[in-house]
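Notes for the structure review
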Amino acid sequence: MSGLFADFMKRLLAPAPKAPASPSPAPPEPKERPMTPERAELIGKAMEIYRQKQSVLDELDPRQRQMLLTIALKAFFNKAPSETKDKKS
């Protein structure tokens, strides 16, 4: 047992290994996908729908927004807003 302890102590007190002399190569940059007309149209439609839905939320008063947030959190995470880490008012 003492041999195991001695080995452990040698490793514990040994100097830390040195970092490699050359830095690791940078990860390759992600390839950009070409923007086809179909893809551009699809993205445009998605953004239009997003703006429409966002304007509906903007029309809610603060009490309704809080109720909607509570329902959404309970539905998705089974938590009430007071149970989340960061509160937004």
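These numbers come from a predicted model, not from an experiment.

About the thresholds
- Residues numbered from 1 in each chain as written.
- Predicted model: local features only at pLDDT ≥ 70, side-chain atom pairs only at ≥ 80, totals over all residues.
- Heavy atoms only, no water.
- Helix = DSSP H or I, 4+ residues; strand = E, 2+ residues; numbered from the N terminus.
- Areas by Shrake-Rupley, 256 points an atom, 1.4 Å probe, with all protein chains shown as cover.
- pLDDT = per-residue confidence, 0-100.
- Expected span 1.5 Å × (residues − 1).
- Polar contact = N/O pair within 3.5 Å; in protein donor to acceptor, adjacent residues only side chain to side chain.

This paragraph deals with the overall build of the chain. A count of helices and strands for the chain gives 3 helices and 0 strands. For the chain, the α and β elements follow one another from N to C terminus as α-α-α. Of the roughly 9,100 Å² of accessible surface on the chain, a fraction of 63% belongs to carbon and sulfur atoms.

The share of residues in the chain with pLDDT of 70 or more is 85%, and the mean pLDDT across the chain is 79. Across the chain, element-level confidence peaks in helix H2 (residues 37–58) with a mean pLDDT of 90 and bottoms out in helix H1 (residues 2–13) with 73.

Looking now at helix H3 (residues 62–77). Over its 16 residues, H3 extends 22 Å from the first C-alpha to the last, a length consistent with the 22 Å expected when each residue adds 1.5 Å. In this structure Asp-61 caps H3, since a side-chain oxygen of it lies 3.0 Å from the backbone nitrogen of Arg-63. Directly beyond the C-terminal end of H3, a positive phi value near 60° is found at Asn-78.

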